[in-house]
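Below, each chain spelled out in residue letters.
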Amino acid sequence: MSEIINPVRKTNAWGKEIEPEFAARPVRERHEARGVGIRLTGVAKAFGDVSVLRGIDLDVPAGQFLAIVGKSGCGKSTLLRLLVGLDEVTGGSIAFLDESGAETRPNARIVFQEPRLLPWDSVGGNVAVGLGEGGRAERVARVTAALNEVQLTEKAKEWPARLSGGQRQRVALARALVSRPDFLALDEPLGALDALTRITMQSLVERVWREQRFTALFVTHDVAEAVALADRVIVLDEGRIVLDVTVDHERPRERGTADLAELEGRLLKAIFA
Amino acid sequence: MTLVADLPKQAALPRPNFERWRSRLGGLLPLLLPVTVIATWQTASSLGLIGSRLMPAPLDVVYAFWDKASSGQLAIDVLASAQRAISGLLVGGSIGFALGLANGMSKFSYALTDTTLQMLRTIPNLALIPLVILWFGIGEEAKLFLTALGVFFPIYLNTLHGVRNVDPQLIEMGRVYGMSGWTLFRKVIFPGALPSIFVGLRFSLGIMWLTLIVAESMAASAGIGHMANQAREFMLTDVVVLALVIYALLGKLADVLAKTLESLTLQWHPTFQKPVKA
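It should be emphasised that the depicted structure is a prediction, and the values quoted were computed from it without experimental measurement. (Residues numbered from 1 in each chain as written. Chains lettered and ligands numbered in written order. Predicted model: local features only at pLDDT ≥ 70, side-chain atom pairs only at ≥ 80, totals over all residues. Heavy atoms only, no water.)

As for the overall build of chain B
Here's step 1: On a plain count of helices and strands, chain B comes out with eleven helices and zero strands.
Here's step 2: Reading chain B from its N terminus to its C terminus gives the helix and strand order α-α-α-α-α-α-α-α-α-α-α.
Here's step 3: Relative to its full complement of 278 residues, chain B shows a buried share of 36%.
Here's step 4: Counted over contacts in chain B with a minimum sequence separation of 6, partners at least 24 positions apart contribute 73%.
Here's step 5: Total accessible area computed for chain B in this model is approximately 17,000 Å², and 71% of it derives from carbon and sulfur atoms. (Helix = DSSP H or I, 4+ residues; strand = E, 2+ residues; numbered from the N terminus. Buried < 20%, exposed > 50% of the residue type's maximum accessible area, 1.4 Å probe, protein only. Contact = heavy atoms within 4.5 Å. Areas by Shrake-Rupley, 256 points an atom, 1.4 Å probe, with all protein chains shown as cover.)

The structure is reproduced here in structure tokens:
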């Protein structure tokens, strides 16, 4: 019973009809969490005299889809950079926990707002970057599998310059997924895409998360997007968590329902409070 | 209804013909100017308007070419010049490339050497000839030194520029994805700097021939410069002009080679991609 045939209506999280390519495949839903848990205690970050994060306490259970929203400059991207190790904390601590609650090193991956593909490498070569160095035969199979996940298998030998913006971001997603991460950080990954491509990309992100159940941290400035995708949304303002809400609606979610709209309103109010 | 059906046909008809003529003429267009100049020159010489002492007729240059080529002397001279050019390029180019990489990636190396190199760069390398003659005499070493020095700076500057201008977002991505050291260099920094390195290479090829011409007229027992110098002593203007033509051809050949290498290694670059047929 783990297979849920999602696309009978062929609609996405917002109730709009989506590209058949993503809807056509059933989601092989995975119920048990696979990701790592994350525990932040009093995390602070300052750049010189400017304090960006001021004491963040946060417990993220394994496999949770957490969205962080907030105005630009609220510290949400900084928090994400701390979590993937791109920056060092100036106070507090970050711990990654396995099932037994012991500290562990996560296999963390990040998807940036820009695809950041190597223009001199093929699409397949770019996805292989996510694997690091290692055995050749297995690489090809895993790259193909990851490209299949984002429905770009036939573009494996193409140069990134030949792809559309949405396709490039799908390659970036495949590069992040190819090593089967247990923690995936997404830094406004859909921010640079047009509205229609965003919709298909959102259902793609939701699909891979449902199939793999890694811990996901999704930074966005789009409250509707956060509500459509996440299990839990936190609002950051001036380096502090000002709101922390759980969204336990069934997936895939229909956009525009009254209670989701009400939730969006609450989040927006917290952001601009 | 007929209006809608006819429109695309009318619009489509004149295009293909026009395109075909354009591409046919386009191929010949670069040749138009040189052919006209040579034809005028030949006519003027034949009519006696230009004295052959000052400027030989184009046909005389062709005869001189035939004469030199059939005696085998031309091949010896071209080979000697090409050998000097290539060894100068290899020595100066590889030092410039290595220093460019080092200074692009290491702040220490940059702080240590860049100011000195920038100062040396402002000295025209041919101004060093008197000093070079004192150091190396007038043999092969002097020619190699001058050519290598001339080639060094464009390659150094453009390699440095290329390395420093690799997209920092890509470098950050590489680090997040576990690259460091040699892997980061091979996968991100070097390919990112390559377009700029090629600009340096093509620049330095021009300087390479320029330096060589001057260096070969210093003193040499073979080489195109030697051929031209000897011809000047005997007032053989046709051979002097022949030497110039050969320099031009060699320069063009080197540029074409560099361009081919560039388009082979930079296939990913939008500039070198063939347009996709929709």
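A few points about the sheet that holds strand 5 (residues 65–69) of chain A
Sheets are built from strands paired through backbone hydrogen bonds, the pairs being either parallel or antiparallel.
Residue and element names in this part refer to chain A.
Here's step 1: Taking strand neighbours across the sheet as the criterion, the six strands line up as 7-8-9-5-10-11 in an open arrangement whose pairing is mixed. Either end of the sheet is taken by a strand with one partner, and the two such strands are strand 7 (108–111) and strand 11 (240–246). With direction set aside, neighbouring strand axes in the sheet form an average angle of 20°.
Here's step 2: Bridging between strand 5 and strand 9 (residues 215–219) involves four bridges; their strand directions are parallel. The residue bridging A67 from the neighbouring strand is F218, located in strand 9. (Pairing = 2+ DSSP bridges. Axes fitted to C-alpha atoms, helices over the stretch in contact; angles between N-to-C directions.)

A short note on the sheet that holds strand 3 (residues 37–47) of chain A
Residue and element names in this part refer to chain A.
Here's step 1: A sheet is described by the order of its strands in space; here three strands give the open sequence 4-3-6, paired in antiparallel fashion. The sheet is open, and its two borders are formed by strand 4 (50–60) and strand 6 (91–97), each paired with just one other strand. Direction aside, neighbouring strands of the sheet carry axes that sit 15° apart on average.
Here's step 2: Where helix 2 (residues 76–83) meets the sheet, it contacts strand 3, strand 4 and strand 6, and its direction lies at approximately 120° from that of strand 3.

Observations regarding the pattern of salt bridges
In a structure, side chains of opposite charge can pair up when their charged atoms sit close to one another.
Here's step 1: Evaluation of the coordinates by the stated rule reveals 20 salt bridges over all chains.
Here's step 2: As a salt-bridge pair, A:E225 and A:R198 come within 2.8 Å of each other at their nearest N and O atoms. Taken as a pair, A:E225 in helix 7 (residues 223–229) and A:R198 in helix 6 (residues 195–212) lie far apart in primary sequence, 27 residues in all.
Here's step 3: Since its relative accessible area comes to 2%, A:E225 is described here as buried.
Here's step 4: Using a relative accessible area of 12% as the deciding quantity, one classes A:R198 as buried.
Here's step 5: In this structure, A:R232 engages A:D244 in a salt bridge whose closest nitrogen and oxygen atoms are separated by 2.7 Å. Placement of the pair is A:R232 in strand 10 (residues 232–237) and A:D244 in strand 11, with a sequence separation of twelve residues.
Here's step 6: The exposure class assigned to A:R232 is buried, which follows from its relative accessible area of 10%.
Here's step 7: Take A:D244: its relative accessible area is 38%, and that puts it in the partly exposed class.
Here's step 8: Through salt bridges with shared partners, a single ionic network connects A:R81, A:D87, A:E114, A:R116 and B:E172. (Salt bridge = Lys/Arg side-chain N within 4 Å of Asp/Glu carboxyl O.)

Some words on the packing of aromatic side chains
Centre distance and the angle of the planes are the two values used to describe a pair of aromatic rings.
Here's step 1: With the rule as written, the count across this model stands at twelve aromatic pairs over all chains.
Here's step 2: Aromatic side chains A:F96 and A:F183 sit 5.8 Å apart centroid to centroid with 45° between the ring planes, which places their arrangement in the tilted category. Here A:F96 is found in strand 6, whereas its partner A:F183 is found in strand 8 (residues 183–187), with 87 residues between them in sequence. For the residue pair A:F96 and A:F183, the accessibility class agrees, reading buried in each case.
Here's step 3: Both rings, one in B:F97 and one in B:F190, keep their centres 6.2 Å apart while their planes meet at 80°; by these two values the pair is edge-to-face. (Phe/Tyr/Trp six-rings, centres within 6.5 Å; stacked < 30°, edge-to-face > 60°.)

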